[in-house]
Amino acid sequence: MKKIFLLVLVFISMLTFANNTIKNLKGSFSGVVTDASTGKPLSNVSVYISDSKTGTTTNAKGEYNLSNISEGVHLVEYSHIGFGTHAEQILIKGDTKKDIALVEAIVENNAVVITGVSRASQLRKMPFQVSVLRKEELQQSAATNIIDAITRKAGVSSIATGPAISKPVIRGLGYNRVLTLNDGVRQEGQQWGDEHGIEIDETSVNKIEILKGPASLVYGSDAMAGVINIITNVPVALNKIKSNIGTNYQTNNKLKSLYGNVAGNINGFNWNLYGSTKAVADYKNKYDDYVYNSKFKEKNIGGYVGYNGKWGFSHLIISNFNLKAGLIEGARDSLGHFLKVIPGGADAEATTDDFKSTKPNFPYQHIKHFKIATDNNINIGNNKLALNIGYQRNQRQEYGDIDNPTQQALYFDLATTTYAAQFHVKETNGWKPSIGINGMNQTNTNRGLEQLIPNYNLSDIGVFLFAAKEYKKITFSGGARFDIRNITAKDLLDDVGTVKGNAFAKNYNNISGSAGVAYQATKSVNVKINIAKAFRAPSIPELASNGTHEGTIRYEYGDINLKSEISTQADASLEINNEHFSLNLAGFANNFNNFIFYRKLESTLGGDSLVNVGGDFITAFKFEQKKAMLTGAEITFDLHPHPVHWLHFQNTFSYVSGLLKNAVEGTRNLPFIPAPKLLTELRADFKKLNKYFTNTYAKIELDNTFVQNKAFTAYQTETATNGYSLINIGVGANIVSAKGNTIFTINLSANNIGNVAYQNHLSRLKYAEQNMATGRNGVFNMGRNFSIKVNVPLEF
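Please read these numbers as outputs of a predicted model, since none were measured by experiment. (Residues numbered from 1 in each chain as written. Predicted model: local features only at pLDDT ≥ 70, side-chain atom pairs only at ≥ 80, totals over all residues. Heavy atoms only, no water.)

Undergrad: Now, about the overall build of the protein: what can you tell me, with residues and values included?
TA: Counting its regular elements, the protein contains six helices and 49 strands. At 26 Å, the protein has a C-alpha radius of gyration in line with the 28 Å of a compact globule built from 796 residues. Its C-alpha atoms give the protein principal-axis dimensions of about 80 × 55 × 50 Å. Per-residue burial for the protein yields a buried fraction of 59% across its 796 residues. Counting contacts in the protein only where the partners sit at least 6 residues apart, residues at least 24 apart contribute 66% of the total. Summed over all atoms, the accessible surface of the protein reaches about 31,500 Å², with 57% contributed by carbon and sulfur. Computed over 81 positive and 67 negative side-chain charges, the separation of the two mean positions in the protein equals 7 Å. (Helix = DSSP H or I, 4+ residues; strand = E, 2+ residues; numbered from the N terminus. Rg over C-alpha atoms; globule rule 2.2 N^0.38 Å. Buried < 20%, exposed > 50% of the residue type's maximum accessible area, 1.4 Å probe, protein only. Contact = heavy atoms within 4.5 Å. Areas by Shrake-Rupley, 256 points an atom, 1.4 Å probe, with all protein chains shown as cover. Lys, Arg positive; Asp, Glu negative; His and termini not counted. Charge placed at Lys NZ, Arg CZ, Asp CG, Glu CD.)

Rendered as structure tokens:
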């Protein structure tokens, strides 16, 4: 409560300081947005200035107007579903007018992004790869969680432990190598574990930016693979109040969700309040039928309140995530029927009522994630100061004893305070320098019966210098950073208080950096090259774990002698965009020193090493590190032949190879490397089908995931995975009134309409118990699923 009170005090102090001391001239900004092919005005176009978090939308005549903006040069973004984003540096002084014509497009190639750079930048001027997903695209997805929704982007996949839990993987790297940001705050919630997902309400999301490649320069440790930046709170237009009510139903697992929000902006005082609830039963597939205990329930609430003025903005952000999810163990009888735990320690066959219930059974986990943060950006003359301070508490409780239902087998209580400050110096002769400092303080306390990791305190701090320089058609950018991380861990105890791991203290430091160039050779051709050095300090589980918990299907041993991972990555890309097609070719090579991974331990008697845990024998794994190299390529090709701009034929291909320098038990393959994937989509978009249907689309896609036979087979840690092809379809539209106002939006989709039985190579359920009736190993992914989403917008 003291930390929460302190953050509220900081928020009020920033508002008072800015209002009383910062004196900036204010201007206004207006114009008309039209369709480049027809010349007709476009309504509902988003006009947004990222650095000041100020925006509006065009009216039925295509007109927009922004007022109370500080005078100076601003990067303005114009975006609309089905059109290419237009971004431009515009000098706003007094009453400034600017008319824009947007060109039809599906592929984002010139969005304004804030991830991986010190200030908002145009995508085509950044030397590394960033993918963007907007709310409209997320609405068209039938995913059961936010991470599954982003795996359609090239180079992005997920490690899944059932429909409730997915973790992002970028270019073959996941866990603590991918940093997740939410409204500028790094998300901290035991992201090291298979069964630990991302504690963010998917219905609250406005935009997601995915940076592919090392980002240690700006973010420090844990951003080796890239960054998932999830943006939820975006102020609505001045003197507007908007709300949305929506629902989603899915047939396979009877998913039912309801969500809503109300947001307003009255004379610069702005706010947003959102909430959602979701109840999901067990999913099914052709081989397993209903998968017992794959159910979950989720309830979320959050929002922000703040003020935007000519001096900048100050926002106070609060969110509370609450999830109860069953843990899938996959135990079955000799006939292949799933078994449930019953009082007295016995098992019984799961019934139809068990499968249809949305209340998780034993074992299950209860995850609560509370966060409060203050996000500030203050104009100091032509310079800017960005300040972000946050506090979050992640409570993860696991229940496994049906005879003692309130006993928490594991209870991680993780409290984290994060801070970040950046000073952006005004642009001079094309130079845009910034200096920054960020870090965190973290405390983990075990409150359950067992301990998998010790109680610990962690603190880190990093300082960096970043600069960008534009010279004619070339944009140079790069910088350097220094980090320090300290970890102090207490004795690791078993359930009777015996020490099974000694206390320790570790210190890590590193210098990292990056340098790159983006060259706009012509209006249609863009070339990017970047090289970056990144690092990651070992996580607490990698150093000190000694135990097991429900859902992991393994007993883990850490290694206190592990060193920091150091990587050097070079990547390059070629982008071509014209009126007939869009092409993006990207490749990378990532060289690792001290790459950390885990493998099975071999018994002295041969076979797997097993640990007796309460009468159950769990396979033992241990962390170790070796030199490694990851290489890969991503290709995105969208064909939209002129003048048939409504038709799109898009292909997205991703490939990653991961190899150890020296073989382990005869294999050099790295674990957790996703299979090659080709996603092909044929799509038709109609901006105005008739007077009652706008933004209508219909699509059919083929998801080809190839065989992955380059598994980490040492000690049978991984096995090869068969390829598969899934057919998905979707249709949707805005239903509008005679006056052109949207009454509601509807999105219909069908995934895996062939009801193909498959296992993703990164699914942890692939290694669940064998089905003795069929001889098949593990649990398979979801079968055929139909989804309907309806969203009703209101505006005042």
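Undergrad: Can you break down the pairing of strand E47 (residues 724–736) residue by residue, with the values?
TA: Where a strand is regular, its side chains alternate between the two sheet faces. Relative to E47, strand E46 (residues 693–705) runs antiparallel, the two sharing 11 bridges. Each residue of the ladder has a partner; that of Leu702, found in E47, is Ile727. For E47 and strand E48 (residues 742–751), the ladder comprises eight bridges, and the chain directions are antiparallel. Paired with Ala733 across the bridge in E48 is Ile746. From the end of E47 to the start of E48, which pair antiparallel, there are five residues, and Gly740 there has a positive phi angle of about 90°. (Pairing = 2+ DSSP bridges.)

Undergrad: Explain the packing of aromatic side chains residue by residue, including any values.
TA: For the coordinates displayed, the defined rule picks out 20 aromatic pairs. Between Tyr290 and Phe355 the ring centres are 5.6 Å apart and the planes differ by 20°, which places this aromatic pair in the stacked class. Pair noted here: Tyr290 is in strand E22 (residues 289–290) and Phe355 is in helix H5 (residues 352–356), with a separation of 65 residues, a long-range link. Of the two residues examined, Tyr290 and Phe355, each falls in the buried class. A ring pair is formed by Phe597 and Phe712, whose centres lie 5.4 Å apart and whose planes are at 80°; its orientation type is edge-to-face. Placement of the pair is Phe597 in strand E40 (residues 581–600) and Phe712 in the loop between E46 and E47, with a sequence separation of 115 residues. Of the residues examined, Phe597 reaches a relative accessible area of 3% and is grouped as buried. What links up through ring pairs into an aromatic cluster is the set Tyr175, Tyr598, Phe621, Phe623 and Phe672. (Phe/Tyr/Trp six-rings, centres within 6.5 Å; stacked < 30°, edge-to-face > 60°.)

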